[in-house]
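Coordinate inspection notes
Residues per chain, in single letters:
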Amino acid sequence: MYREIFVPVDNSQHSDWAVDRAIEMCRKTGGRITGNHVYAARLHDVRFRQLETGLPAQFQTPDEIKKQRKIHDKLIEKGLQLIADSFLDQLGKRCEAAGVGLTRQLLEGINYEEIVNEVNRGAGRLPGLIGFDPNRAAGYDGGDKARSDVKLGANGRLVAEEEDAAARLVGSSGRQYDLLAIGAHGLGRQKFSQLGGVAARVLRGVEKDVLIVRDQQPLTGGRFMVCVDGSSYSYKAMKSALELAQEFGGSLYVCSAFDVEYHHVVFHNIKDVLSYQASKVFKFEEQEELHNNIIDKGLLKLCQANLKRAEVMAQQYPDVPLETQILIGKPFQVIMQWAEEIKPSLLVIGRHGAHRIEDTELGSQSENLLRLAPCSVLLTGVVGVRPEDIPWIEEDGQAGLPWAPEAEVRILRVPPFAQGIARRAVEEYVLEKVGNAAPPPTVTNKWLDEAIQKLLPTHMQLIMGIGSAEEIALAEVKATEQMKATKVQGHDADPHPEVAEVETKCPVTGAVSKRPRVATDPIVWTEEGWQRLQLVPLVARPLARNTVERFARNHDIWRVTTGVMDENKQAMIEADEFDIDTMMVMFTELRAKQIRAEAEGKDALSPEMRAFIEEAKAQGVTRCPIRDIEAKMDKCPVDMKTVTPEEAKRAIEKLLQ
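Given the structure is predicted, the values throughout are model-derived calculations rather than measurements. (Residues numbered from 1 in each chain as written. Predicted model: local features only at pLDDT ≥ 70, side-chain atom pairs only at ≥ 80, totals over all residues. Heavy atoms only, no water.)

1. A few points about the overall build of the protein
Rule in force here: Only DSSP runs of H or I covering at least 4 residues are called helices, and only runs of E covering at least 2 are called strands; the numbering of each starts at the N terminus. For every residue, the accessible area obtained with a 1.4 Å probe (protein chains only) is divided by the maximum for its type, and the residue is called buried under 20%, exposed over 50%, and partly exposed between those limits. Areas reported as accessible are Shrake-Rupley estimates using a 1.4 Å probe. Residue values count occlusion only from the protein chains shown.
Secondary structure assignment for the protein yields 24 helices and 15 strands. When the 657 residues of the protein are sorted by exposure, 44% land in the buried category. Summing over all exposed atoms, the protein offers an accessible surface of approximately 34,200 Å²; the carbon and sulfur share of this is 53%.

2. Topic: the pattern of salt bridges
Counted only if it meets this: A pair is scored as a salt bridge if a Lys or Arg side-chain nitrogen falls within 4 Å of a carboxyl oxygen belonging to Asp or Glu.
Applying the stated criterion across every chain, the model contains 19 salt bridges. Ionic pairing is found between Arg94 and Asp16, a salt bridge with its closest N-O pair at 3.5 Å. Highlighted residues: Arg94 in helix H3 (residues 62–98) and Asp16 in helix H1 (residues 13–29), separated in sequence by 78 residues. A relative accessible area of 26% places Arg94 in the partly exposed class.

3. A closer look at the sheet that holds strand E14 (residues 524–525)
Operational definition: Between any two strands, at least two bridges found by DSSP are needed for them to pair.
One open sheet holds the three strands; their spatial order is E11-E14-E15, and the pairing between them is parallel. Because the sheet does not close on itself, it has two edges, and the strands there are strand E11 (487–488) and strand E15 (559–560). Note that E11 and E14 share two bridges and pair parallel. When the bridges of E14 are listed, Val488 appears paired with Trp525.

4. Notes on the packing of helix H4 (residues 111–121) against helix H6 (residues 197–205)
Operational definition: Convention adopted: a line fitted to C-alpha atoms gives each axis, helices being fitted over their contacting stretch, and angles between N-to-C directions are expressed from 0 to 180 degrees. Here a crossing is taken to be left-handed if its near helix is turned anticlockwise relative to the far helix by less than a right angle, and right-handed if that turn runs clockwise. Residue contacts follow a heavy-atom distance rule, with two residues in contact if any of their heavy atoms lie within 4.5 Å. Note on residue classes: Ala, Val, Leu, Ile, Met, Phe, Trp, Tyr, Cys and Pro are nonpolar, Asp, Glu, Lys and Arg are charged, and everything else, Gly too, is polar.
Their axes nearest at 9 Å, the elements H4 and H6 cross at an angle of 35°. As for how H4 packs across H6, the hand of that crossing is right-handed. Here Asn111, Tyr112, Ile115, Val116 and Asn120 of H4 come into contact with H6, specifically with Val198, Arg201, Val202 and Gly205. A class-by-class count of the residues in the contact of H4 with H6 yields five nonpolar, three polar and one charged.

5. Comments concerning the sheet that holds strand E2 (residues 32–39)
Strand order across the open sheet formed by ten strands is E3-E2-E1-E4-E5-E10-E9-E6-E7-E8, with mixed pairing between neighbours. Two strands close off the open sheet at either side, each with one partner strand: strand E3 (101–108) and strand E8 (322–328). Mean inter-strand twist for the sheet, computed between neighbouring axes without regard to direction, equals 20°. In terms of strand pairing, strand E9 (residues 346–350) meets strand E10 (residues 376–380) through five bridges, oriented parallel.

6. Let's talk about the side chain of Ser256
This is how it is decided: Between N or O atoms, a polar contact is any pair within 3.5 Å; within protein, one atom must be a potential hydrogen donor and the other a potential acceptor, and residues adjacent in sequence are included only when both atoms are from side chains.
Take Ser256: it is sitting in strand E7 (residues 251–258). Engagement of the side chain of Ser256 in a polar contact is seen with the backbone oxygen of Val228, the distance being 3.0 Å. Dropping the residues within four chain positions of it, Ser256 is found in contact with Val228, Asp229, Cys303, Asn306, Leu307, Gln325, Ile326 and Leu327.

7. Quick notes on the nonpolar core
The following threshold applies: Definition used in this section: a nonpolar core is a set of buried Ala, Val, Leu, Ile, Met, Phe, Trp, Tyr and Cys residues joined via side-chain atoms within 4.5 Å.
Ile5, Val7, Met25, Met238 and Leu252 are the most contacted members of the largest nonpolar core, which has 53 residues in total. Excluding its chain neighbours within four sequence positions, the residues that come into contact with Leu252 are Phe224, Met225, Val226, Met238, Ala241, Leu242, Val320, Pro321, Leu322 and Glu323. Judged by nonpolar contacts, the second largest core, of 41 residues, contains Val116, Ile182, Cys255 and Leu347.

8. A look at the pairing of E2
The condition that has to hold: Here is how to tell: hold the view so the strands point away, follow the path from the first strand over the helix to the second, and if it runs clockwise the crossover is right-handed.
Among the eight residues that make up E2, seven are buried, leaving the element largely enclosed by the rest of the structure. In terms of strand pairing, strand E1 (residues 4–8) meets E2 through five bridges, oriented parallel. Within E2, the position partnered with Ile5 by the bridge is Ile33. For the segment spanning E1, H1 and E2, crossover handedness is right-handed.

The analysis is restricted to geometry; functional conclusions fall outside its scope.
This is the structure:
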């Protein structure tokens, strides 16, 4: 539990509520509060200098301006300290009435920067107090190094004192805090504000636990709601929620959410714009079956396991009433809906989730909940979080089926983040076919081929590198042909023309002229953008190109640079479009395997497969005749997964005669 709590105050209603919750916690734990206010005297100094030109003429001499600056600096700083001291006076009275220890603290600087530095490392900048009574100063951090009061001369006017700038600061507290309790809004709250400016900035920088207080609901006897997603961050939140529920006699509601609707929306959106031929290649029905049979069921099982781990943790807190719930939909959305139903007094969430990206400050689901939640939110930090802190359950100890070496090599082509689901799906397919016989069956290439054909659509097999060699070869040739339509021109550093134009050539005279671009003109790629696109494996390159070009058209961009590609990637991350990100990870891993094979002097494909590809290219074969002739699309007698290249060639030639 929390014993060292940092509370910034500004005399706003939300600040007062944050003080209430901090006092409530400290009374339970015997903890102490550090009451803080940050002021920015240097900001006023800058503003004063900007206004100096408006001073009367007698104050415009260099010596007089220098004198006025010195007087202003100390006078303004003293005024700000007195205002802050008044804020902390109110906090002091409430702590004294509750019997809670209080240390007063002033910090000088930009408010959110100083709060982050102080909470994370105890490194906020403590100013010297100006003219404080020694007994009063003793209650402040750094109060033993007070500065003299503002002085008056014999003529009754303020004296311009010489003060060393470094002497204005007296060091830092070096204190280690357990929790930051801060109001969701401050004095500047507006009607449509979701979160105050200082609170929003502080949230991104603080590594410790943060309590965002939105209302006056007490913790005692309340309802605590926590969200788990299988990550160690979420189980730290679970532990904090259990401790609070036990300490304050509350009940605990635990949820785990997964989204099955997103891929349906994407499929229907794409299906409406693709041609009949393209829809046959993409095979939407198979895609739907893939998600229903593997992805959706796999995610459901993950959520069930997440809640089971939470229940294991709750066994150590038998006095806490527990209710669990699986939520289906966009996580933050369905969590908000459940919160509307149970009306918790506190929502507890981790700073990050299972999909954390390195160097990010805050997870997207957590950020949405922090802004939209109707109740106070406890955001658990990253300090002390370890991967091994995920609770163990029985399923963790269950051994899977044995795998033959050649099948093991093939399943390892699946990216690590999806490998568990893929492996389990194949094993369930085998068990469904043979039953729970003893000894357990071995997953061989034969079983793997059957499972792949049953569970994965053809184009996904190709992208993941687990389709047949013939189909991979044909897909590479077809992708090469598709990429020929890409227009590459210019460089990233070229100046952007005021009016975008395209060159046109008269079919009769051959004369070249220019006209303004229209929406139907092809997107232009710079040399740098084109080179980056080559990093995507050939099979998936047309899809990657189309994704970027669609982003460019939607944003009225006609030239794709590396910067546009970065914007597209960031937009996908912010929109939570993990389908595309997942594919990009698969592309990167496949490319890495090719590079490693080449570095070791090995061919990434077998010699027979490489010879097949080169022969096809040399003969000008650029597409699969069956798949590109719409009239004969459904008449192909060849099963590319079972026949040899020679047999496939003979069958196709016979069909085309």
